[in-house]
Amino acid sequence: MSTNNIQSNKNIYTLATISEALECTSVPGVITLRLDTTIKVRTSEWRDCLLEIGESCAVKWIIHNSNKQPTDITAEEAKDSDIKMCFSQEYSCHHAGTYESKAAMRKNKCSALFHVRGFFKTPEWCEITLTKDHTEHTPGDVHEDMCTLPLAKKYLNELSQ
Ligand SMILES: [Zn+2]
């Protein structure tokens, strides 16, 4: 592995390091992104990181709002017109497992929001932020979340390593 880029990319997380950006919660074995803390993630890996965060945090993130700029804007044109963001997507929480029960989904009032933003100036990384915390449930809490399949899968992965 090349070490040349590691210094400058130190704070840019990849799928391999994303777990370092997560913190323990009150639920054993469940970790989370700290609320309102923006982290940088390598652009090519942010979708994988989102999945990994979902599994680690026992949360299923559902796309909520996508605000993609027209793709024919070049970085240069964007600069001229003072457009900084090349894309912005928001994900809302459907806590793990509720998609198996429509009734449970209707009851889900969780307002957690996960925000991904990419910028023309820094195409190599994008920013992800948990902008609103979970309400009405604690991710991964077996007493509240009926299904902990993502967590179980993660656990099995670790066992098989
Ligand atoms: Zn939630």
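Rules behind the numbers
- Residues numbered from 1 in each chain as written.
- Predicted model: local features only at pLDDT ≥ 70, side-chain atom pairs only at ≥ 80, totals over all residues.
- Helix = DSSP H or I, 4+ residues; strand = E, 2+ residues; numbered from the N terminus.
- Buried ≥ 20, exposed ≤ 12 C-beta atoms within 10 Å, placed from the backbone.
- Contact = placed C-beta atoms within 7 Å.
- Arc of directions from axis to C-beta.
- Core = buried A, V, L, I, M, F, W, Y, C linked by C-beta atoms within 7 Å.
- Pairing = 2+ DSSP bridges.

1. Quick notes on the overall build of the protein
So, step 1. Each helix and strand counted, the protein has 4 helices and 8 strands in total.
So, step 2. In the protein, which comprises 161 residues, the proportion classed as buried is 23%.

2. Describing the environment of Ser19
So, step 1. Locating Ser19 in the fold gives a position in the loop between β1 (12-13) and β2 (23-24).
So, step 2. C-alpha separation for the pair Ser19 and Ser56, spaced 37 residues apart in sequence, amounts to 8.0 Å.

3. Thoughts on unusual backbone geometry
So, step 1. Notably, Asp36 is not glycine yet its phi reads approximately 60°, a positive angle.
So, step 2. Along the chain, Asp36 falls in the loop between β3 (31-32) and β4 (39-42).
So, step 3. Exposure remark for Asp36: the 10 C-beta atoms within 10 Å place this residue in the exposed category.
So, step 4. A positive phi angle, near 55°, is found at Ala58, a position not held by glycine.
So, step 5. Within the secondary structure, Ala58 sits in the loop between α1 (46-56) and β5 (59-66).

4. Some remarks on the environment of Phe120
So, step 1. As for its position among the elements, Phe120 is in the loop between β7 (113-119) and β8 (125-132).
So, step 2. Exposure remark for Phe120: the 18 C-beta atoms within 10 Å place this residue in the partly exposed category.
So, step 3. Taking the C-alpha atoms as reference points, Phe120 and Phe87, 33 residues apart in sequence, are found 8.9 Å from one another.
So, step 4. With near-sequence residues (within four places) excluded, Phe120 lies in contact with Ala75, Ala78, Lys79, Ile83, Lys84 and Cys86.

5. Quick word on α1
Structurally, the α-helix is built with 3.6 residues per turn, so residues lying three or four positions apart point the same way.
So, step 1. Residues Trp46, Cys49, Ile53 and Ser56 constitute the buried set of α1. The buried side chains of α1 occupy one side of the element, clustering within an arc of 80° when seen end-on.
So, step 2. In the segment just after α1, Ala58 is the residue with positive phi, at about 55°.

6. A few points about the nonpolar core
So, step 1. Of all hydrophobic cores here, the largest spans 22 residues; its most connected members are Val41, Trp46, Cys49, Cys126 and Ile128.
So, step 2. Mapped onto this core, the elements with two or more residues apiece are β4, α1, β6 (85-95), β7 and β8.
So, step 3. When residues in this core are grouped by element, the largest group, 4 residues, is from β8.
So, step 4. Beyond its immediate sequence surroundings of up to four residues, Trp46 is in contact with Val41, Val116, Cys126 and Ile128.

7. With respect to the pairing of β8
So, step 1. The sheet contact formed by β4 and β8 spans 4 bridges and is antiparallel. Each residue of the ladder has a partner; that of Arg42, found in β8, is Trp125.
So, step 2. As judged from the 6 bridges shared by β7 and β8, these two strands associate in the antiparallel manner. Directly across from Arg117, in β8, lies its bridge partner Glu127.

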